[in-house]
Amino acid sequence: MDWQLSDDVQPASRVPASRLDEALPFGDGGKSRPVPVTGAWRPGDDPGDRRFARIGDIDVEAGGTVTDAVLAFETWGRLNEARDNAVLIAHALTGDSHVRGDAGPGHATAGWWGDVVGPGLAIDTDRHFVVAPNMLGGCQGSTGPASLAADGVEWGSRFPRVTIRDQVEAQRRLADRLGIARWRAVVGGSMGGMHALEWAIAHPERVGSAALLASNAATSADQIAQNSLQIEAVTTDPGWLGGDFYDLPGHAGPARGLALARRMAMLGYRSQHELNERFRREWQSSVDPLAGGRFQVESYLDVHGNRFTRRFDAGSYVRLVDAMSTHDVGRARGGVEAALERVTSPVLVVGISSDRLFPVADQQRLAAGLPSSVSGAEPVVLESGFGHDGFLIETARVGDLLAPLLA
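**Q** How should I be thinking about unusual backbone geometry in this particular structure?
**A** Negative phi characterises most residues that are not glycine, and trans characterises most peptide bonds. One non-glycine residue, Ser-190, lies in the positive phi region at around 60°. Using a relative accessible area of 5% as the deciding quantity, one classes Ser-190 as buried. Phi is positive for Ala-332, close to 60°, though the residue is something other than glycine. Along the polypeptide, Ala-332 turns up in the loop between helix H7 (314–325) and helix H8 (336–340). Given a relative accessible area of 80%, Ala-332 falls into the exposed group.

Right under this line is the structure:
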């Protein structure tokens with residue numbers, strides 16, 4: 001069913017009339033489905049295919065400690081005797097560990113890269129042991145704001161700011177728990193690409209190769225500005241309550257703000273070309289927008305914004321977007337170029353021609369600065385009209401790019 005597919009992996013499309021109730025604004029007199037206080041996975045929920053690893057206390061860069069941290073993760077394939085066939089996949093901002101598999105109990109959506117990871121595919125689970133963790137601060141089983149702290153109350157506003165480096169440290173501990181001393185490859189797109197790059201810089205001896213898809217070395221002012229508006233959309237919602245909104249009976253939390261943040265984000269994830277070509281100025285119904293009707297593109301954004309509140313957590317969203325804003329591999333390393341020179345493994349850098357969130361200039365900086373870029377001083381540019389989400393949608397072409405790295 002359509003609702004079981006991740007929004008990120010589908011081309012933009014008109015909202016069918018049968019689903020217009022999903023596009024209704026909050027406070028519509030009860031016509032739309034009730035909104036939960038959080039879309040987080042929580043203890044007691046069906047674990048689905050998740051596994052869990054306790055990784056201890058993590059002292060984070062910005063100050064504070066995540067005590068008794070847990071990472072949720074999923075695996076496919078088998079770790080060989082030499083323990084040298086493991087591949088780490090790092091997910092994007094609103095992704096999770098469910099890279100491959102059906103929707104069902106424990107998993108609101110089907111795997112987001114099921115055409116890339118699997119038997120005989122680019123990341124071949126017949127040959128590789130694939131590990132995909134939900135990042136620290138996330139909301140799908142790893143410790144984050146919606147998780148219960150030691151006192152039995154949600155972390156909420158007490159959950160500290162985390163950085164990409166903190167999240168990679170959590171992943172390093174997971175690797176140690178699994179007995180993986182060196183990854184055959186670390187692969188990530190968007191925010192996951194930040195993790196993959198940080199792995200290659202901080203732990204070059206533990207990375208056999210890396211793939212950075214639609215990512216960057218340091219978040220730009222333009223990207224920070226967009227991120228700040230999304231955070232503001234959530235935190236100015238009256239239901240935010242300073243981040244401590246989890247325990248009010250019948251309370252929907254900052255659902256309006258979270259839905260608005262998602263709608264804002266999707267304008268960066270998709271290209272102008274895709275939205276203009278698919279929606280033009282078409283009406284959602286026979287009612288003229290001047291007479292109270294809606295444009296198709298408005299309903300499209302509303303559906304995806306409102307649906308997002310049922311699978312994500314507002315506290316996690318704020319912390320993870322902030323982690324993207326603070327991303328800078330050059331921090332305390334002598335600058336970006338000096339940091340990139342630390343990388344010793346082959347690195348595939350892929351940009352997307354129509355990406356207006358992380359434009360190709362970001363990948364050009366990566367490729368030019370990495371001593372072992374497999375394409376030289378210029379990145380591989382995927383020609384696609386889908387914008388930033390192209391690495392999730394153009395799976396056949398992405399697979400063709402990844403396969404040689406793992407051959």
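**Q** For this particular structure, what's the right way to read the packing of aromatic side chains?
**A** Geometry of an aromatic ring pair is reported as the spacing of the ring centres plus the angle between the planes. Counting across every chain of the model gives nine aromatic pairs. A ring pair is formed by Trp-41 and Phe-52, whose centres lie 5.2 Å apart and whose planes are at 35°; its orientation type is tilted. Taken together, the positions of Trp-41 in the segment before strand S1 (51–59) and Phe-52 in strand S1 put the pair eleven residues apart, joining distant regions of the chain. Classification of Trp-41 by relative accessible area gives buried; the value is 16%. On the basis of relative accessibility, which here comes to 37%, the residue Phe-52 falls in the partly exposed class. Ring plane angle 40° and centroid distance 5.7 Å describe the contact between Trp-240 and Phe-245, whose orientation is recorded as tilted. Across the pair, Phe-245 and Trp-240 agree in class, each one buried. In textbook terms, an aromatic cluster arises when at least three aromatic residues are bridged by ring pairs, as seen for Trp-240, Phe-245 and Tyr-246. The ring of Phe-308 has Arg-262 lying over it, and the distance from NZ or CZ to the ring centre is 4.7 Å.

**Q** Would you take a moment to explain the packing of helix H3 (residues 221–235) against H7 for this structure?
**A** The relative placement of two packed helices comes down to the angle between their axes together with the axis-to-axis distance. Following both chains from N to C, one finds H3 and H7 inclined at 160°, their axes separated by 10 Å at the closest point. Here H3 is positioned roughly antiparallel relative to H7, judged by the angle of their axes. The crossing of H3 and H7 is left-handed. Contact with H3, carried on its side by Ile-224, Asn-227, Gln-230, Ile-231, Val-234 and Thr-235, involves Ala-314, Tyr-317, Val-318, Val-321, Asp-322, Met-324 and Ser-325 of H7 and no other residues of that element.

**Q** Looking at this structure, I do not really get the pairing of S1. What am I missing?
**A** In summary, the side chains of a regular strand alternate between the two faces of the sheet. Both S1 and strand S2 (residues 65–76) contribute to a ladder of seven bridges, which runs antiparallel. Each residue of the ladder has a partner; that of Phe-52, found in S2, is Ala-72. The antiparallel hairpin formed by S1 and S2 contains five residues in its connecting segment, where Gly-63 sits at a positive phi of about 105°.

**Q** I would appreciate a short explanation of the nonpolar core in the present structure.
**A** For soluble globular proteins, nonpolar side chains are generally found buried alongside one another. By size, the foremost hydrophobic cluster in this structure holds 78 residues, and its most contacted members are Trp-183, Met-191, Leu-197, Tyr-317 and Leu-370. Setting aside residues no more than four positions away along its own chain, Tyr-317 makes contact with Leu-93, Thr-94, Gln-230, Val-234, Leu-258, Ala-261, Ala-265, Tyr-269, Phe-308 and Phe-312. Among the nonpolar cores identified, the runner-up in size contains 28 residues, and Val-117, Val-130, Leu-213 and Leu-402 belong to it.

**Q** I keep staring at the environment of Gly-242 and nothing clicks. Help me out?
**A** Within the element layout of this structure, Gly-242 appears in the loop between H3 and helix H4 (255–269). C-alpha separation for the pair Gly-242 and Gly-156, spaced 86 residues apart in sequence, amounts to 8.4 Å.

**Q** Would you take a moment to explain helix H2 (residues 191–202) for this structure?
**A** Each α-helix winds once per 3.6 residues, and so residues spaced three or four apart point in a common direction. Spanning twelve residues, H2 covers 16 Å between terminal C-alpha atoms, matching the ideal 16 Å at 1.5 Å per step. Of all the residues in H2, the buried ones are Met-191, Gly-192, Gly-193, Met-194, His-195, Ala-196, Leu-197, Glu-198, Trp-199, Ala-200 and Ile-201.

**Q** Sorry, what's going on with the packing of H4 against helix H6 (residues 296–308) here?
**A** Taken N-terminus to C-terminus, the directions of H4 and H6 make an angle of 130°; their axes are 8 Å apart at the nearest point. In terms of their interaxial angle, H4 and H6 are classed as oblique. Taken as a pair, H4 and H6 cross one another with a handedness that is right-handed. Across from Leu-258, Ala-259, Arg-262, Arg-263, Met-266 and Leu-267 in H4, the residues of H6 making contact are Tyr-300, Leu-301, Asp-302, His-304, Gly-305, Asn-306 and Phe-308.

**Q** In this structure, what is going on with helix H11 (residues 395–402)? I would like to understand it.
**A** Every buried residue belonging to H11 is among Thr-395, Val-398, Gly-399 and Leu-402, and all of these are buried. Buried positions in H11, seen along its axis, are confined to an arc of 105° and lie on one side of it. Turned more than 90 degrees away from the buried face of H11, the exposed residues are Ala-396 and Asp-400. In this structure, the buried side of H11 is in contact with strand S5 (123–124), strand S7 (185–189), strand S8 (210–213), strand S9 (347–352), strand S10 (380–382) and helix H10 (390–393).

The rules behind the values
Residues numbered from 1 in each chain as written. Predicted model: local features only at pLDDT ≥ 70, side-chain atom pairs only at ≥ 80, totals over all residues. Heavy atoms only, no water. Buried < 20%, exposed > 50% of the residue type's maximum accessible area, 1.4 Å probe, protein only. Helix = DSSP H or I, 4+ residues; strand = E, 2+ residues; numbered from the N terminus. Phe/Tyr/Trp six-rings, centres within 6.5 Å; stacked < 30°, edge-to-face > 60°. Lys NZ or Arg CZ within 6 Å of the ring centre and 35° of its normal. Axes fitted to C-alpha atoms, helices over the stretch in contact; angles between N-to-C directions. Parallel < 35°, antiparallel > 145°, perpendicular 65-115°, else oblique. Left-handed = near helix turned anticlockwise from the far one by under 90°. Contact = heavy atoms within 4.5 Å. Pairing = 2+ DSSP bridges. Core = buried A, V, L, I, M, F, W, Y, C linked by side-chain atoms within 4.5 Å. Expected span 1.5 Å × (residues − 1). Arc of directions from axis to C-beta.

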